[in-house]
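# Understanding the architecture of this molecule
So the chains spell out like this:
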Amino acid sequence: MIRAVLTGTGSALPRQLVTNADLAERVDTSDEWIVERTGIRQRYLAEPGETTSSLATEAARRALEAAGVDASEIGLIVLATATPDHTFPATATQVQHALGCKGGVAFDVAAVCSGFLYALATADSLLRTGMATKALVIGAETFSRILDWEDRTTCVLFGDGAGAVVLEAQDVAENGPGILASKLHADGEHKELLYVDGGPSTTGTVGKLRMRGREVFRHAVVNLAEVLRETIEEAGITVDQVDWVVPHQANARILDATARKLGLAEEKVVVTVDRHANTSAASVPLALDVAVRDGRVKKGDLVLFEAMGGGFTWGAALARM
Ligand code: UT7
């Protein structure tokens, strides 16, 4: 059977490291509050000249190198972002050009923090229909550019970065590698809990991120546990067969609560929120790349991905590496 197989991962972070103590110098907050409520200790923030497309291109190059794939072989680029370089063209086309890919398809998906899950499911479907044979799926963000640095309830939570995977259509055995199941959801009812208060068609400005964190937290734990159960059921496996969970990194307490709800062993959850903070669509592929490169995630492992974000949108996917 034809499956989309993850053959390489890569990631990129901006140069500027900002600790909680650094932030406490410009915002009314403390390292103690941020660590206790979120698990975040530091984040990387883009400097002038570092953009969503430059971070995405760097992450993509590393993923291509890990997969042993040349940029010219890529027929599809799906890039998840809520912070594109420009309103248009799609950031994916800028990455395509920077990588030197000729031809093929390149477009962005906007599902905020769930963007990578949406992009992965889209690329998986397109590869299985034969539209392309090799794809790059990228999550890349520069949320620092849409943060209100006067609002301590949001500005301490986010960071910038990018992560990428190479997906290849391969004819594999039933117990072989590839994406085994994926589930996506959206519900526009709660827009006001997490949104950006600008846009080309409303204010004509870029706008700033607004979030009612406590309410988002409550929805996240319920929705994530549900979509993870659905995905596990669709794949016909049990929770204890999962080797690793690579979740969206919004808050260490959400990760703990979700794992507890599902009966997942805490040590199977890849946590990077402490060093990257919440990088929105980049957080899942960034965390995956960390766990692949440090040797935790290995060939043959069953890995569960999950995310929830503005929209609301949420989703999960299960892959055998
Ligand atoms: O990736 C997209 C999805 N997003 C999420 O999943 C985010 C989900 N939400 C969260 O992670 C948490 O709700 C937050 C980390 C955003 C907030 O944690 P919380 O435990 O829900 O805190 P809270 O909003 O209830 O605020 C508690 C107190 C408040 O003070 P009072 O009213 O109790 O006196 C805030 O004013 O903490 C205060 N506070 C801060 N204090 C120091 C809020 N932000 C800060 C801050 N530093 N940065």
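Presented here is a report on the structure given in the accompanying data block. Small disclaimer: the values here were computed from a predicted structure and weren't measured. (Residues numbered from 1 in each chain as written. Predicted model: local features only at pLDDT ≥ 70, side-chain atom pairs only at ≥ 80, totals over all residues. Heavy atoms only, no water.)

For the rest of this paragraph, the subject is helix H4 (residues 91-99). Among the residues making up H4, those that are buried are Thr91, Ala92, Val95, Gln96 and Leu99. Down the axis of H4, the sector holding all buried residues measures 145°, keeping them to one side. Once H4 finishes, glycine 100 follows within two positions and takes phi at roughly 85°, a positive value. (Buried < 20%, exposed > 50% of the residue type's maximum accessible area, 1.4 Å probe, protein only. Helix = DSSP H or I, 4+ residues; strand = E, 2+ residues; numbered from the N terminus. Arc of directions from axis to C-beta.)

Counting buried residues in strand S4 (residues 76-80) gives 5 out of 5 residues, a clear majority hidden from the surface. Along S4, one buried face is formed by Leu76, Val78 and Ala80 and the opposite face, lined by Ile77 and Leu79, is buried too. In this sheet, strand S5 (residues 105-109) lies alongside S4 in parallel orientation, the contact comprising 5 bridges. Bridge assignment links alanine 80 to a residue of S5, and that residue is valine 109. Remark: the S4/H4/S5 crossover connection has right-handed handedness. Examined bridge by bridge, S4 and strand S6 (residues 134-142) share 5 bridges and lie parallel to one another. Bridged to leucine 76 within S6 is alanine 135. (Pairing = 2+ DSSP bridges. Right-handed = clockwise from strand over helix to strand, strands pointing away.)

In the structure shown here, the tally under the stated rule is 1 aromatic pair. For the cation-ring pair, arginine 26 lies above tryptophan 149, with the distance from its terminal atom to the ring centre recorded as 4.8 Å. (Phe/Tyr/Trp six-rings, centres within 6.5 Å; stacked < 30°, edge-to-face > 60°. Lys NZ or Arg CZ within 6 Å of the ring centre and 35° of its normal.)

A volume near 240 Å³ is recorded for the second largest pocket. Taken together, 14 residues make up the lining of the second largest pocket; nearest its centre are Leu6, Thr7, Gly8, Lys299 and Met321. Breaking the lining of the second largest pocket down by element, the ones donating at least two residues are strand S1 (2-12) and helix H10 (283-293). Considering each element in turn, the lining of the second largest pocket owes the most residues, 5 residues, to S1. Of the residues belonging to the lining of the second largest pocket, the class tally is 7 nonpolar, 4 polar and 3 charged. Counting only domains with at least three residues in the lining of the second largest pocket, you end up with domain 1 (2-171) and domain 2 (178-320). (1 Å grid on protein atoms, 1.4 Å probe; cavity = no way out; pocket = protein on both sides within 12 Å on 5 of 7 lines; lining within 4 Å. Points joined across faces, edges and corners; volume = space filled by probe spheres on them. Nonpolar A, V, L, I, M, F, W, Y, C, P; charged D, E, K, R; others polar. Domains from an automatic or database assignment.)

So far we have only geometry, and geometry alone does not tell us how the molecule works.
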